[in-house]
Structures are given as C-alpha cells and as structure tokens.
Amino acid sequence: MSYSRIKSFAKINLALNVTGKNSRLHKIESIVGFVSLYDVILIKEIQSKKHIISFNGKYSKNIHKKNTISKLLNILEKKKLITGHKFEIKVNKHIPSKSGLGGGSMNAANILKYLIKKKFTNPSKGQLSSICKSVGSDVALGLNSTFTILKSNNQIKEFKNCKKLYVLIVKPSFGCSTKDIYSSVKKFTKPRFNKPSKKMFSFDNLKKLNNALEAISLSKFPKLRNIKNFLEKSSNKSFVRMTGSGSAIVAYFKSKKLCDDVKKKFSRKYKNCWCKVAKTI
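Quantities reported herein were computed from a predicted structural model and do not represent experimental measurements. (Residues numbered from 1 in each chain as written. Predicted model: local features only at pLDDT ≥ 70, side-chain atom pairs only at ≥ 80, totals over all residues. Heavy atoms only, no water.)

### Side note on the overall build of the protein chain
And step 1. Within the protein chain one finds eight helices and 10 strands.
And step 2. Its C-alpha atoms give the protein chain a radius of gyration of 19 Å, near enough to 19 Å, the size a compact globule of 281 residues would have.
And step 3. With the principal axes as the frame, the protein chain shows a C-alpha extent of 55 × 40 × 35 Å.
And step 4. Relative to its 281 residues, the protein chain shows a buried fraction of 51%.
And step 5. Split by element, the accessible area of the protein chain, about 14600 Å² in all, is 49% carbon and sulfur.
And step 6. Taking the average place of the 61 positive charges on the side chains of the protein chain and the average place of its 13 negative ones, the gap between the two points comes to 1 Å. (Helix = DSSP H or I, 4+ residues; strand = E, 2+ residues; numbered from the N terminus. Rg over C-alpha atoms; globule rule 2.2 N^0.38 Å. Buried < 20%, exposed > 50% of the residue type's maximum accessible area, 1.4 Å probe, protein only. Areas by Shrake-Rupley, 256 points an atom, 1.4 Å probe, with all protein chains shown as cover. Lys, Arg positive; Asp, Glu negative; His and termini not counted. Charge placed at Lys NZ, Arg CZ, Asp CG, Glu CD.)

### Focus on the pairing of strand β1 (residues 4-21)
And step 1. In terms of residue burial, β1 counts as a mostly covered element, since 15 of its 18 residues are buried.
And step 2. One ladder, built from 16 bridges, connects β1 with strand β2 (residues 26-46); its direction is antiparallel. Pairing of A10 across the sheet is with V35, part of β2.
And step 3. The antiparallel pairing of β1 with β2 creates a hairpin that spans four residues between the two strands. (Pairing = 2+ DSSP bridges.)

### Description of the packing of aromatic side chains
And step 1. For the coordinates displayed, the defined rule picks out 12 aromatic pairs.
And step 2. Aromatic side chains F239 and Y252 sit 4.5 Å apart centroid to centroid with 15 degrees between the ring planes, which places their arrangement in the stacked category. Here F239, found in strand β8 (residues 239-242), pairs with Y252, found in strand β9 (residues 249-253); they are 13 residues apart in sequence, far enough to count as distant.
And step 3. With 5.0 Å between their ring centres and 25 degrees between their planes, F266 and Y270 make a pair best called stacked.
And step 4. Looking at Y270, the relative accessible area reads 12%, which means it is buried.
And step 5. Between the NZ or CZ atom of K44 and the centre of the ring of Y3, over which it lies, the distance is 4.5 Å.
And step 6. Here the basic side chain of K157 rests over the ring of F159, its NZ or CZ set 5.9 Å away from the ring centre. (Phe/Tyr/Trp six-rings, centres within 6.5 Å; stacked < 30°, edge-to-face > 60°. Lys NZ or Arg CZ within 6 Å of the ring centre and 35° of its normal.)

### Some points on the nonpolar core
And step 1. Counting 29 residues, the largest nonpolar core has I31, V35, L37, L101, I169 and Y252 as the members making the most contacts within it.
And step 2. Of the residues forming this core, the biggest block, four residues, is contributed by β1.
And step 3. Not counting chain neighbours up to four residues away, the residues in contact with L37 comprise S8, F9, A10, H94, I95, L101, I169, W274 and K276.
And step 4. Counting 27 residues, the second largest nonpolar core, distinct from the first, contains V170, I216, L224 and V262. (Core = buried A, V, L, I, M, F, W, Y, C linked by side-chain atoms within 4.5 Å. Contact = heavy atoms within 4.5 Å.)

### Considerations on the packing of helix α1 (residues 68-78) against helix α3 (residues 125-135)
And step 1. Interhelical geometry of α1 versus α3 gives an angle of 145 degrees and a closest axis separation of 9 Å. As for how α1 packs across α3, the hand of that crossing is right-handed. Between α1 and α3, the residues in contact are T68, K71, L72, I75 and L76 and I131, S134 and V135, respectively.
And step 2. Of the residues that constitute the contact of α1 with α3, the class distribution is five nonpolar, two polar and one charged. (Axes fitted to C-alpha atoms, helices over the stretch in contact; angles between N-to-C directions. Left-handed = near helix turned anticlockwise from the far one by under 90°. Nonpolar A, V, L, I, M, F, W, Y, C, P; charged D, E, K, R; others polar.)

### Observations regarding the environment of R192
And step 1. Within the secondary structure, R192 sits in the loop between α4 (178-183) and α5 (203-208).
And step 2. For the pair R192 and K263, spaced 71 residues apart in sequence, the C-alpha to C-alpha distance is 32 Å.
And step 3. When residues no more than four places from it in sequence are discounted, the contact partners of R192 are N17, E29, M200 and L209.

### Overview of the sheet that holds strand β10 (residues 274-279)
And step 1. Reading across the sheet, the four strands line up as β8-β9-β7-β10 and stay open at both edges, with antiparallel pairing between neighbours. Only two strands of the sheet have a single neighbouring strand rather than two, namely β8 and β10. Taking each pair of neighbouring strands and ignoring which way they run, the sheet shows an average axis angle of 20 degrees.
And step 2. Strand direction decides the pairing type here: β8 and β9, joined by four bridges, are antiparallel. In the sheet register, M242 faces β9, and the bridge partner there is I249.

### A few points about the environment of K117
And step 1. Here K117 is to be found in helix α2 (residues 103-117).
And step 2. A relative accessible area of 67% means that K117 is categorised as exposed.

### A word on the environment of N210
And step 1. Checked against the element boundaries, N210 lands in the loop between α5 and α6 (214-220).
And step 2. In sequence terms N210 and L16 are 194 residues apart; their C-alpha atoms lie 6.4 Å from each other.

### Here's the deal with the side chain of R241
And step 1. Mapped onto the elements of the fold, R241 is located in strand β8.
And step 2. Within the buried set, R241 has no salt-bridge partner at all; the shortest N-O distance to an opposite charge, 5.3 Å, is to E214.
And step 3. A polar contact of 3.0 Å, which involves the side chain of R241, links it to the backbone oxygen of L206.
And step 4. Apart from the residues lying within four places of it in its own chain, the contact partners of R241 are L14, A15, L206, K207, L209, N210, N211, E214, I249, V250 and Y252. (Salt bridge = Lys/Arg side-chain N within 4 Å of Asp/Glu carboxyl O. Polar contact = N/O pair within 3.5 Å; in protein donor to acceptor, adjacent residues only side chain to side chain.)

Now the structure itself:
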C-alpha cells in the first residue's frame, strides 16, 4: 500500500483574548487563520501489532515519543474507534516547535481528518469533540484549515473566501512554554468575538486588536520585544503581532512586495533567526 500525503498547515492567531479560567484551562477567544507553511505527513495502513510514527526534518529534534499523534491514536484505540487498523506515519517537520504555530496540534487534527475521510473511523459529533479536547485545546481548529473565530464558549465559526494577507513569520532560536506564559496571566477581558462576522477579518479591524499573551512573552524575553520593534519600524503599512504564546512573531501585509522587502531587512539584522514569507490560505 502506498503512502497518502497530507499537508498540515501552520495556524496563526491574528488576535487573542483571555476571557477567564476554569478548573483546568484558561478560556480564550481568538481570530484564527492558516498559512502556506506546512508539515508534510505520509501515512499508510500496515500489517503490524503497533503503529510506527517517525519525524524528520529541521524541526524534528526533541519530539517526545509521547506526542500529539501517538496520543490521538491511543485515544481512538481506547474508544475502540480504529479497531484492527495500524498505521505507519512519517512527518517532515517544517513548522518550528514552541512557536505558537500549532504544529503538533495541527498534525493530529489532519491525521484525524484523514482517518475519518478514509472511513477508518467514524466518531459521533460528541466523540469528535471529546477526542479533540483530549489531544489538545486547539486541535478542533485544524479540522478545517480556514479562517475561523473561536468564541469564548469554545464554539467555532468558520469563514470562507476572506481576503488573503501576506505574512512574514519570524522566530528566534528559543521557544516559549505555553504553560509558563499562561501561568503568568493575571487579567481577563470581556468576550469581544461572540458575534463573529466576516468583517472581523478585514485588515483595518485586525490592526486594532491584539494578543493578550504578547505582553507577558515580551517581558520574559526582551529579544522578542526588540524583534517586534524592528518589524514595526521597518514598515508602517503593516501590523505586527505574536501568535499564540510565542515565540513566533508575525508581520501582516497587503502586498507581497512589502513583505519581501521587510524580510530582506530583517534577515540582514537578525541572521540567526528563522524567517519565512507565507500567505494566508
């Protein structure tokens, strides 16, 4: 049996608010998009007593044996939703880890989507929601790689055909711990995205918003603040915002030329930082 090839796109938080906390997790709302940066997943069914999962590529180091993919498969097996099926899965990692780009969660989401599409599993709507929550808080966002608004009550509203943006994604050599960043959250904001609309994705509206986790990450890592300041000074026709809990920072542009110009400036200044021009999808 030949491998099926899956593109697992990176997720970006164009805006993010922390609206509260329950006994286990913080409650957030977010405007979410996906960009043309992706991991490549190869998957096929095999005759074996166990699944075989491997990672390769620049960002495959330090991925634990217990990862989002193994967690997903274990959950499906415990719920007897893939009885009798074993898979070999190879992931070529292009999305940096600990960046706020959701690489691991999106890998799990896309594999789950594939297994459903190919009828290896058929979870109910309730089971699907439970599986996603058990694997990771943002896995459900990756089931459809499109512009999305996550409401404070955890409901998801998807939008098609939003205007595309060019993005310059930059990441220093270090990552941010999601747990550490969220543990420093002291203030909550009232929900602002509970009446989602396509207008929220306009460049002018997005420019007015923010990421509530950004100030925490910038205070913990002064280099991130320097990077953001440099990107903001390099072009006054963009807006610059951290995604997720960091450490990736994203500059947003209406044109590819502006994006490419700022990338050249950034690469000259920060030679040891990873950077990538991409486009929302």
